[in-house]
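# Analysis of the macromolecular model
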Amino acid sequence: MHTSISRSLRHACVVLTIALFSSHAMADDNDSGIYVGAGYGEFDTKIENVEGVTDVIGNIDTDDSAFKIFAGWRFNKFISLEADYIDLGNPRGNFDASGSDGDYNLELSGFGAYVIGTLPITIFELSAKVGYYFHDVELDVNLDNIGGGNGNVLHTDDSGEALVYGVGAGVTFIDHINVLLEYELMDFDEVDDSNVLWLSAAWRF
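Let me sum up the structure you'll find in this document. Model, not experiment: these values are computed from the prediction.

Conventions used here
- Residues numbered from 1 in each chain as written.
- Predicted model: local features only at pLDDT ≥ 70, side-chain atom pairs only at ≥ 80, totals over all residues.
- Heavy atoms only, no water.
- Helix = DSSP H or I, 4+ residues; strand = E, 2+ residues; numbered from the N terminus.
- Buried < 20%, exposed > 50% of the residue type's maximum accessible area, 1.4 Å probe, protein only.
- Contact = heavy atoms within 4.5 Å.
- Salt bridge = Lys/Arg side-chain N within 4 Å of Asp/Glu carboxyl O.
- Pairing = 2+ DSSP bridges.

## Digging into the environment of S127
Position of S127 relative to the elements: it lies in strand β6 (residues 124-143). Residue classification places S127 among the buried residues on the basis of a relative accessible area of 15%. With residues up to four places along the chain from it excluded, the contact list for S127 reads I116, G117, T118, G166, V167, G168 and L180.

Next comes the structure, spelled out in structure tokens:
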């Protein structure tokens, strides 16, 4: 019986050793390559310093749900490039102005390109990113039955680019599933103080 137990222990040690080396090799083999993913976020921004509008209604602080899909290439554990399609939702609402009520409507969507630096700490990661968001923006501000256009005091439909930078913290499971919490700041020309809090998941091939 003692021989049988010893043999079983040796077999178990061999199996565990092979499993550990296989796991290590898998992690090493997955230090670079393609990844794809999607994210859900909360977009917050302010409509302020708009000539002829904020003089009357003041600044508007608005938010909405956002989503993104993305793909990237990891050169190694530390540097990657990423391209995103980002829809920042449709923040809208009502406001009280001098002598009238009104409503506003904001739409933002477009594509982003980023360089991402990552500091791995076992299965955890800290990251920082910088890039540009190339977007279409449409903003409408209306006052009920005041001014030309039946109260339409502002309508913009334009495209532009915004500098984006942010930080994140994530965790990787089974060497392939990365879950990431990110906070991004976006420097738009049309609106101010814009930021997004993202929760995203990616599959690393």
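Having seen it, we continue.
## Re the side chain of S200
When you line up the elements, S200 lands in strand β9 (residues 192-204). The buried category is assigned to S200, whose relative accessible area is 5%. Sequence-distant contacts of S200, defined by excluding residues within four places in its chain, comprise A38, G39, K68, F70, N178, V179, L180 and E182.

## Looking at the pattern of salt bridges
This model, assessed by the stated rule, comprises 7 salt bridges. The salt bridge partner of E182 is K129, with a shortest N-O separation of 3.3 Å. Taken together, the residues E182 in strand β8 (residues 177-187) and K129 in strand β6 connect sequence positions 53 residues apart. Like E182, the residue K129 is buried in the burial classification. Here E184 and K129 are joined by a salt bridge, their closest N and O atoms 2.9 Å apart.

## Observations concerning the pairing of β9
In the sheet, strand β1 (residues 33-47) pairs with β9 via 11 bridges, with the strands oriented antiparallel. If you follow F43 over to β9, its bridge partner there is V196.

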